[in-house]
Amino acid sequence: MITAATLSTPARRISYRVFLYLTCTVLAAMFATPFFWAVSTSLKDAGSIYVDPPQWIPNPIVLWNYVQAMQLVPFHVYFQNTIVITVLAGIGRVFVSSVIAYGFARFRFPGRDLLFVILLGTMMIPDQVLIVPRFLLFNLLGWVNTFLPLIVPAFFGATPFMIFLGRQFLMTLPRELDEAAEVDGAGPVTIFIRVLLPLAKPFLATAAILSFQGDWNAFLPPLVYLQNQTKYTIALGLRYVSGLSGGEGMAGLPMDHLIMAASITALLPVVVIFLVFQKYFVRGIVMSGIKG
Amino acid sequence: MRLYTKRKLSGFLFVAPFVFGFLAFTLVPILYSIFISLSKYTMLRPPRFAGLVNYETALFGDPLFWKSLANTAYYTVLSVPLGLIGSLVCALLLNQSIKARNVYRTLFYLPAITPIVATTLIWTFLLRSDFGLINVLLGIIGIQGPKWLGSIAWAKPSLVLISLWGVGGPTAMIFLAGLQGIDSELYEAAHIDGAGALQRFWIITLPMLSPTILFNSIIAVIQSFQAFDVAFIATEGGPANATLFYVLHLYRNAFEYFEVGYGAALAWLLFMAIFFLTLMQLRLSKRWVYYTSA
C-alpha cells in the first residue's frame, strides 16, 4: 500500500492526490453513466428520447412509463415467479449447504476425503457442459416448464462452492464449543442448530445474498427449463419485452423508454439488496477467491 | 466404540444430500451425456449408438463449429487481458487511502451485480448506431461512431466493451484482497532503497500479486469461453455469425434444432477446451508466478 509517508515532498503529495481523486471520479462516472442514462430515458416522454443534443434530465418527467412498462407483458407474474424460485432455492441452498458443510467440517467417516475431492472437482465443471443431459433428465421426470429444475437441486448441495465456503467457515469455530455442548448432553443435531448455526451468521448472510443474486439474475437455466410464458422469470420476461420493439409489437412506436423502465425495475431489487448488504457480497467473493 | 460408529454414521448423514445430489444431478448426467454424445439422437427418436460421428461432424463437417470457436477465442483474447487490467486498476485505486472509498467501491461494483439481461438492454440502447448515446457523444467531438452491434467488424469489440463494464466487480475485489495481503514492509524497504512508485509496482506489487493474477486469469478464461447471454440477447449471433459464440452454437443445436447428441458432443469439446486452457495456464504459470512460501 502506498501511504502518504512513502511520498516525499508536499507538492508531489498534493499532485498525487489530485490525480488519484480525478482518476477515481472519472472511472466512477464511466461506470455510472449507463445507469444514469437508462434512468433518465425511462422517465422521458416518447418524443424526447432521441433529441439532439441529448437530454440528460428528462423534461417532463413521466413516471407513468413504469406503469406502462409493467403492463406490456404480465411483469407481476414474472416477479412472483422469480421470487418463488429465488426464495425457495435460497432456503434450500443456504440451509442444506450448511448441513453438508457441518458434516465435512466436524466428522470423520470413511470416504469423507474422497467426497471432498469430488466436491472440489464438481466446482471445476462448467454448468454449460451439463445443461443438455440435465435438461433430458428433467424432461424425463416431467419437470420441464415447472420451477422444480431450478429449485430441487438447491436442496441437494448443487452449489459446491457454497458448501466449501461453509466448511471453511465452520473450521474457524473452535471445537471446544461442540465439546462443551456434548458434555451437557447435546447431540450432533442440537450442536449444529443451537451452537454453530448462530455463530455462522456471517456465512449464512453471505450465502443467502450470493444465492439471491445468482437466482435473480440467472438467464440460461430458466431459458432452457421454462418455455411457457406464464412461467417466465423477470430475466426471461425482460428479454421478451425487448423482442417486441424489434418486431411489429407496438406498431412502430418508440419503446426504448419503456424497455429502460422495465430494465431499471428488474435491476432495482438486486441493487437495493447490494447497497444494504454490501459487506457480505464482497466477503463471499473474497473468501471464495483466496481460498478456492 | 459404539459412540464412534454412531459419529461416523451421523457424519455421513449430514453429507448425504450432497452424495445424492452429486449422483442424480452431476454423475448420472455426465455418464448419460457421454453416451448421447456418441449417439444419433434428435429427441424425436430414441438415441442410437453411432460412435464418434458427432465429434467428426464437429471437427470436419460443421463450418459453424470452427467459426464459433474462432469467435470465442477472439472474444477471450480481447476481453480477458483488458478485463484483468481494468480490474487491477480498480483494485489499485481502491487500495489507496482515499476519502469516501466505500462510495467509489460501490460505484465500481454496481455494474457487476446488474442482471445480465438489463445490462444487455441498457448497452444495446447506448450502442445504437443512430441515436445511441455513445455515437452522439462521439459525434460531438467529431468522430463518426461505428455501427457497433450491427457491424460485422465491431460486433465482437462491442461485446468486449459491454463485458468491461463489469471490471469493478468480483475480480477487482479479489485483486484488492491480494493487494492488502502484501507486506507493507516490502514497500518501505524499497522506498528507503530509493525505488519510485512505478518501480515499486513492477518489483513488488506485480510479483507478489502474481498468484492472484493467475487465479483471476483462469476464472476469466473459463467464463469467457462460456459467454452466451449477451450475444444471445443483443445480437442473436449476428450479424453474419460475427457473434456466434461457442455456447450459442451449442444451445442452438441442442435446444432449437433438437440435435441433442450433437449438442452433447459440443459440450464435451467445450469441456476439453476449457480443461486444456486451464492446464496450459497452470503450466506456463511456473515461469511467471511467484510464491512466497512454496
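Residues numbered from 1 in each chain as written. Chains lettered and ligands numbered in written order. Predicted model: local features only at pLDDT ≥ 70, side-chain atom pairs only at ≥ 80, totals over all residues.

### What about the overall build of chain A?
Reasoning step 1: Each helix and strand counted, chain A has 13 helices and 0 strands in total.
Reasoning step 2: Listed by position from the N terminus, the elements making up chain A come as α-α-α-α-α-α-α-α-α-α-α-α-α.
Reasoning step 3: Its C-alpha atoms give chain A a radius of gyration of 25 Å, clearly above 19 Å, the size a compact globule of 292 residues would have.
Reasoning step 4: Reported as C-alpha extents along the three principal axes, the dimensions of chain A are approximately 75 × 70 × 35 Å.
Reasoning step 5: By the burial criterion, 40% of the 292 residues in chain A qualify as buried.
Reasoning step 6: A separation threshold of at least 6 residues defines the contact pool for chain A, and within that pool the share at least 24 residues apart is 75%. (Helix = DSSP H or I, 4+ residues; strand = E, 2+ residues; numbered from the N terminus. Rg over C-alpha atoms; globule rule 2.2 N^0.38 Å. Buried ≥ 20, exposed ≤ 12 C-beta atoms within 10 Å, placed from the backbone. Contact = placed C-beta atoms within 7 Å.)

### Some points on the overall build of chain B
Reasoning step 1: If you tally the helices and strands in chain B, you get 13 helices and 2 strands.
Reasoning step 2: Relative to the globule expectation of 19 Å for 294 residues, the C-alpha radius of gyration of chain B, 24 Å, shows a markedly less compact shape.
Reasoning step 3: For chain B, the spread of C-alpha atoms along the principal axes amounts to about 80 × 75 × 35 Å.
Reasoning step 4: Going through the 294 residues of chain B one by one, you find that 44% of them count as buried.
Reasoning step 5: When contacts within chain B are restricted to residue pairs at least 6 apart in sequence, long-range pairs at least 24 apart make up 68% of them.

### Remarks on the interface of chain B and chain A
Reasoning step 1: If you look at the interface, chain B gives 75 residues, while chain A gives 74 residues.
Reasoning step 2: Grouping the constituent residues of the side of chain B that touches chain A by class yields 56 nonpolar, 15 polar and 4 charged. (Nonpolar A, V, L, I, M, F, W, Y, C, P; charged D, E, K, R; others polar.)

### Some points on the confidence of the model for chain B
Reasoning step 1: Summarising the model, chain B shows a mean pLDDT of 92, and 98% of its residues fall at 70 or more.
Reasoning step 2: This prediction of the complex comes with two scores: 0.91 for pTM and 0.90 for ipTM. (pLDDT = per-residue confidence, 0-100.)

### Examining the packing of helix H3 (residues 63–94) of chain B against helix H12 (residues 246–256) of chain B
All names here are of chain B.
Reasoning step 1: Two elements in contact, H3 and H12, have axes whose closest approach is 7 Å; the angle formed by their N-to-C orientations is 145°. Across from Leu64, Phe65, Ser68, Leu69 and Thr72 in H3, the residues of H12 making contact are Tyr246, Leu248 and His249.
Reasoning step 2: Along the lines of polarity and charge, the residues of the contact of H3 with H12 split into 5 nonpolar, 3 polar and no charged. (Axes fitted to C-alpha atoms, helices over the stretch in contact; angles between N-to-C directions.)

### Quick word on the packing of helix H3 (residues 75–106) of chain A against helix H10 (residues 201–217) of chain A
All names here are of chain A.
Reasoning step 1: For the pair H3 and H10, the least separation of the axes is 9 Å and the interaxial angle reads 145°. Regarding H3 and H10, the two cross each other, and that crossing is right-handed. Along the contact surface, H3 presents Thr82, Ile85, Thr86, Ala89, Gly90, Arg93, Val94, Ser97 and Ser98, while H10 presents Leu204, Ala207, Ala208, Ser211, Phe212, Asp215 and Trp216.
Reasoning step 2: Its residues assigned to classes, the contact of H3 with H10 comprises 8 nonpolar, 6 polar and 2 charged. (Left-handed = near helix turned anticlockwise from the far one by under 90°.)

### Looking at the nonpolar core
Reasoning step 1: Residues A:Ile100, A:Leu238 and B:Leu270 are the most contacted members of the largest nonpolar core, which totals 145 residues.
Reasoning step 2: Sorting elements by how many residues they give to this core places helix H13 (residues 256–291) of chain A first, with 13 residues.
Reasoning step 3: Look past the residues within four positions of A:Ile100 in its chain and what remains in contact with it is A:Gly157, A:Ile163, B:Phe14, B:Val15, B:Pro17 and B:Phe18. (Core = buried A, V, L, I, M, F, W, Y, C linked by C-beta atoms within 7 Å.)

### Section: helix H9 (residues 188–199) of chain A
All names here are of chain A.
Reasoning step 1: The end-to-end C-alpha distance of H9, which contains 12 residues, comes to 16 Å, matching closely the 16 Å that a straight helix rising 1.5 Å per residue would cover.
Reasoning step 2: Among the residues making up H9, those that are buried are Pro188, Ile191, Phe192 and Leu196. Within H9, the buried residues cover an arc of 95° as seen down the axis, which keeps them to one side. H9 presents Arg194 and Pro198 as exposed residues on the side facing more than 90 degrees away from its buried surface. (Expected span 1.5 Å × (residues − 1). Arc of directions from axis to C-beta.)

### Quick look at unusual backbone geometry
Reasoning step 1: Each neighbour pair has its own omega, and for A:Asn59 with A:Pro60 the value is 0°, a cis peptide bond.
Reasoning step 2: By the element assignment, A:Pro60 lies in the loop between helix H1 (10–42) and helix H2 (64–72).
Reasoning step 3: Of note in this structure, B:Glu236 is not a glycine but carries a positive phi near 50°.
Reasoning step 4: Assignment of secondary structure puts B:Glu236 in the loop between helix H11 (229–235) and H12.
Reasoning step 5: Given 14 C-beta atoms within a 10 Å radius, B:Glu236 is considered partly exposed.
Reasoning step 6: Of note in this structure, B:Phe258 is not a glycine but carries a positive phi near 55°.
Reasoning step 7: Relative to the helices and strands, B:Phe258 resides in the loop between H12 and helix H13 (260–288).

### Thoughts on the environment of A:Pro254
Reasoning step 1: Locating A:Pro254 in the fold gives a position in the loop between helix H12 (234–246) and H13.
Reasoning step 2: Those residues in contact with A:Pro254 that sit more than four places away from it in its chain are A:Ala46 and A:Ile49.

### Quick notes on the environment of B:Tyr257
Reasoning step 1: Within the secondary structure, B:Tyr257 sits in the loop between H12 and H13.
Reasoning step 2: Separated by 215 residues in sequence, B:Tyr257 and B:Thr42 place their C-alpha atoms 8.2 Å apart.

### Describing the environment of B:Met272
All names here are of chain B.
Reasoning step 1: Inspection of the secondary structure puts Met272 in helix H13.
Reasoning step 2: You can call Met272 exposed: it has 11 C-beta atoms within 10 Å.
Reasoning step 3: Separated by 28 residues in sequence, Met272 and Leu244 have C-alpha atoms that sit 19 Å apart.

### Here we look at the confidence of the model for chain A
Reasoning step 1: In the predicted model, chain A carries a mean pLDDT of 88, and the fraction of residues at 70 or more is 92%.
Reasoning step 2: Throughout residues 247–251 of chain A the model reports pLDDT below 50, and contacts reaching past four residues in sequence, or to other chains, amount to 3 contacts.

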